Amino acid sequence: QVQLVESGGGLVQPGGSLRLSCAASGGIFSIKVMSWYRQAPGKQRDLVAGIMSTGRTVYVDSVKGRFTISRDNAENTVYLQMNSLKPEDTAVYYCSVDYEDGSHYWGKGTLVTVSS
């Protein structure tokens, strides 16, 4: 019933920018947390940034000052503005939502490739 649709991934040169979007639909409960995770080849899936319903945000240290997470509660959409991208940011980025009833859902992922 719940569906997460991600967009915005692609190929970008080092120092460039991308903006990821994730729209959640079909949920009957309020969303508590929306987050972005990423998984590089041969690595585990790690949290990049999260935003709570109150607007409080968290970031992994490696992206602080470069990435900004935001949400549009009216549209149930979370964004990740990624600036000053580095090759180390190359990964599949996954949207994650946690609802107030305790349920969790993953997006299918969108590939971000940072290369010259």
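Attention in this report is confined to the structure presented alongside it. (Residues numbered from 1 in each chain as written. Predicted model: local features only at pLDDT ≥ 70, side-chain atom pairs only at ≥ 80, totals over all residues. Heavy atoms only, no water.)

### Structural notes on the overall build of the protein
At step 1: Counting secondary structure elements, the protein contains zero helices and 11 strands.
At step 2: Starting at the N terminus and walking to the C terminus, you meet the elements of the protein as β-β-β-β-β-β-β-β-β-β-β.
At step 3: Taking 116 residues into account, the globule formula puts the C-alpha radius of gyration at 13 Å, and the protein, at 14 Å, falls close to it.
At step 4: Going through the 116 residues of the protein one by one, you find that 38% of them count as buried.
At step 5: Considering only intrachain contacts with a sequence separation of at least 6, the fraction spanning at least 24 residues in the protein is 52%.
At step 6: Carbon and sulfur atoms provide 47% of the accessible area of the protein, an area that totals close to 6300 Å². (Helix = DSSP H or I, 4+ residues; strand = E, 2+ residues; numbered from the N terminus. Rg over C-alpha atoms; globule rule 2.2 N^0.38 Å. Buried < 20%, exposed > 50% of the residue type's maximum accessible area, 1.4 Å probe, protein only. Contact = heavy atoms within 4.5 Å. Areas by Shrake-Rupley, 256 points an atom, 1.4 Å probe, with all protein chains shown as cover.)

### Notes on the state of the cysteines
Note on terminology: disulfide describes a covalent bond linking the sulfur atoms of two cysteines.
At step 1: In this structure the tally under the stated criterion is one disulfide.
At step 2: Paired by a disulfide, Cys22 and Cys95 hold their sulfur atoms 2.1 Å apart. Note on the Cys22 and Cys95 pair: the S-S dihedral is about -85 degrees, so by sign convention the disulfide is left-handed. One end of the pair, Cys22, is in strand E3 (residues 18–25); the other, Cys95, is in strand E9 (residues 91–99), and 73 residues separate them in sequence.
At step 3: Taking relative accessible area as the criterion, Cys95 reaches 0% and is therefore assigned buried. (Disulfide = S-S within 2.5 Å.)

### Concerning the nonpolar core
At step 1: Within the largest apolar cluster, 27 residues are counted, with the highest numbers of intra-cluster contacts made by Trp36, Phe67, Val78, Leu80, Met82 and Tyr93.
At step 2: For this core, the secondary structure elements donating two or more residues are E3, strand E4 (31–39), strand E5 (46–52), strand E7 (67–72), strand E8 (77–82), E9 and strand E11 (110–114).
At step 3: Top element by residues in this core is E9. It accounts for five residues.
At step 4: Setting aside its immediate chain neighbours within four residues, Tyr93 contacts Glu6, Leu20, Trp36, Tyr37, Arg38, Val48, Phe67, Leu80, Met82, Gly109, Thr110 and Val112. (Core = buried A, V, L, I, M, F, W, Y, C linked by side-chain atoms within 4.5 Å.)

### Points about the pairing of E7
At step 1: Burial along E7 is one-sided: the residues Phe67, Ile69 and Arg71 are buried and none of Thr68, Ser70 and Asp72 is.
At step 2: Pairing geometry for E7 and E8, over six bridges, is antiparallel. If you follow Thr68 over to E8, its bridge partner there is Gln81.
At step 3: Taking the residues between adjacent antiparallel strands as the criterion, E7 and E8 are bridged by four residues, where Asn76 takes a positive phi near 50 degrees. (Pairing = 2+ DSSP bridges.)

### Concerning the environment of Arg71
At step 1: Its location among the elements puts Arg71 in strand E7.
At step 2: On the basis of relative accessibility, which here comes to 17%, the residue Arg71 falls in the buried class.
At step 3: Not counting residues up to four positions away in its chain, the partners in contact with Arg71 are Ile31, Lys32, Val33, Met34, Ile51, Met52, Ser53, Thr77 and Val78.
At step 4: There is a polar contact of 3.5 Å between the side chain of Arg71 and the backbone oxygen of Ile31.
At step 5: Here Asn73 takes part through its side chain, which lies 2.7 Å from a polar atom of the side chain of Arg71. (Polar contact = N/O pair within 3.5 Å; in protein donor to acceptor, adjacent residues only side chain to side chain.)

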